[in-house]
Amino acid sequence: LLWVLVAIVLAYLVFPVFIVAPVSFSSAKYLQFPPPGWSLQWYENYFARPGWVPATLLSIRVALITAVLATLLGTAASLALVRGRFPGRNAINSFMVSPLVVPGIIVAIGVYFFYAQARLVGNPLGLALAHTALALPFVVTNVSATLHGFDERLEYAAMNLGANRWQTFRRVTLPIIRPGVLAGALFAFIVSFDELIVALFVSGSGAVTLPRKMWDSLRQEIDPTIAAVSTILITLSIVILLAAELLRQRSERTRTATWVAEEDELGVRE
């Protein structure tokens, strides 16, 4: 019964994909399912019509900036939250992951009023900073999970051999937790690339991202070009999520190999 229920829920969530993807190859002049014929005209329209490609490139630039900032800040925060022993650590951890539970519209309104005073509305860098706050919990969650399975004795051994803290982190800690860091960066990228609500408030006319362009297209002109763009976004999201899952599995294998090596070493000593 559980498997049947899970299958029904997954089918409900995935069903729109089976509608959008065929419509993107439709030969009709408007959204129609099933398609009367097949054509690539709407993908050609995506590349030829002004506005779509610049919006896509801007979304990629903003997402890359977001991924870099969120990864640097999230990794540092994870090290402090997992390794640190200071008052209020749990409260800070809850604050770090709060964007996951706070409604996006509330975050967007708060960011808009702050950006309006700071004159950052319509600034791509301001949009990247707002997206960094939204993406930070995903990096913190992934890196913290990796750090919880990390054997700190490896760091102690490196420092005992003369390495300072930075050398220990760069040569010992980072190579082991790298899969978790990269997975967090991928999640940060996709969160920024697909984000719409904050972009509606703070993108203005100078930072129109791809989701904002899709929103405007739905309001002004509805044709299968929007289905083509949606299919491209879905494909990109699937690729990134698969890459994140492969990195997570690699992290698990690395952690398991470390535990097996430790058990073998203890057995030899005994």
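Everything here concerns the structure above.
Conventions adopted
Residues numbered from 1 in each chain as written. Predicted model: local features only at pLDDT ≥ 70, side-chain atom pairs only at ≥ 80, totals over all residues. Heavy atoms only, no water. Helix = DSSP H or I, 4+ residues; strand = E, 2+ residues; numbered from the N terminus. Buried < 20%, exposed > 50% of the residue type's maximum accessible area, 1.4 Å probe, protein only. Areas by Shrake-Rupley, 256 points an atom, 1.4 Å probe, with all protein chains shown as cover. Lys, Arg positive; Asp, Glu negative; His and termini not counted. Charge placed at Lys NZ, Arg CZ, Asp CG, Glu CD. Salt bridge = Lys/Arg side-chain N within 4 Å of Asp/Glu carboxyl O. Core = buried A, V, L, I, M, F, W, Y, C linked by side-chain atoms within 4.5 Å. Contact = heavy atoms within 4.5 Å. Phe/Tyr/Trp six-rings, centres within 6.5 Å; stacked < 30°, edge-to-face > 60°. Lys NZ or Arg CZ within 6 Å of the ring centre and 35° of its normal. Expected span 1.5 Å × (residues − 1). Polar contact = N/O pair within 3.5 Å; in protein donor to acceptor, adjacent residues only side chain to side chain.

Draft legend 1. Main features of the overall build of the chain. Counting secondary structure elements, the chain contains 11 helices and 0 strands. Seen in sequence order, the chain has helices and strands lined up from the N terminus as α-α-α-α-α-α-α-α-α-α-α. Dimensions along the principal axes, computed over C-alpha positions, put the chain at roughly 75 × 50 × 35 Å. For the chain, the residues scored as buried account for 38% of the 270 residues in total. If you sum the accessible surface of the chain, you get close to 15,800 Å²; carbon and sulfur atoms cover 69% of it. With 20 positive and 16 negative side-chain charges, the chain shows a spacing of 8 Å between the two charge centroids.

Draft legend 2. Here's a closer look at the pattern of salt bridges. Overall, the coordinates contain 1 salt bridge when judged by the stated rule. Among the salt bridges present, the one from Asp216 reaches Arg212, with a minimum N-O distance of 3.1 Å. Linking Asp216 with Arg212, this pair stays in helix H10 (residues 210-220), spanning 4 residues, or about one helical turn. Pair check on accessibility: Asp216 and Arg212 agree, each one buried.

Draft legend 3. Region of interest: the nonpolar core. Grouped together as the largest cluster of nonpolar side chains are 26 residues, with contacts concentrated most on Trp52, Leu210 and Met214. Where this core is concerned, the elements lending two or more residues are helix H3 (52-83), helix H6 (124-148), helix H8 (165-194), H10 and helix H11 (225-269). At 8 residues, H8 tops the list of elements feeding residues into this core. Beyond its immediate chain neighbours, meaning those up to four positions away, Trp52 contacts Asn45, Tyr46, Leu210, Lys213, Met214, Ser217, Thr225, Ile226 and Val229.

Draft legend 4. Region of interest: the packing of aromatic side chains. Applying the stated rule across the entire model yields 9 aromatic pairs. Arranged with centres 6.0 Å apart and planes meeting at 50°, the rings of Phe114 and Tyr115 form a pair that is tilted. Classification of Phe114 as exposed rests on a relative accessible area of 53%. Three or more aromatic residues joined by ring pairs make a cluster, and in this case those are Tyr46, Phe47 and Trp52. Above the face of the Trp52 ring, Lys213 is positioned so that its terminal group lies 5.5 Å from the ring centre.

Draft legend 5. Quick look at H8. Taking 1.5 Å per residue, 30 residues should reach 44 Å; H8 reaches only 37 Å between its end C-alpha atoms and comes up short. Between the side-chain oxygen at the start of H8 and the backbone nitrogen of Trp166 there is a gap of 3.2 Å, and the oxygen is on Asn164.

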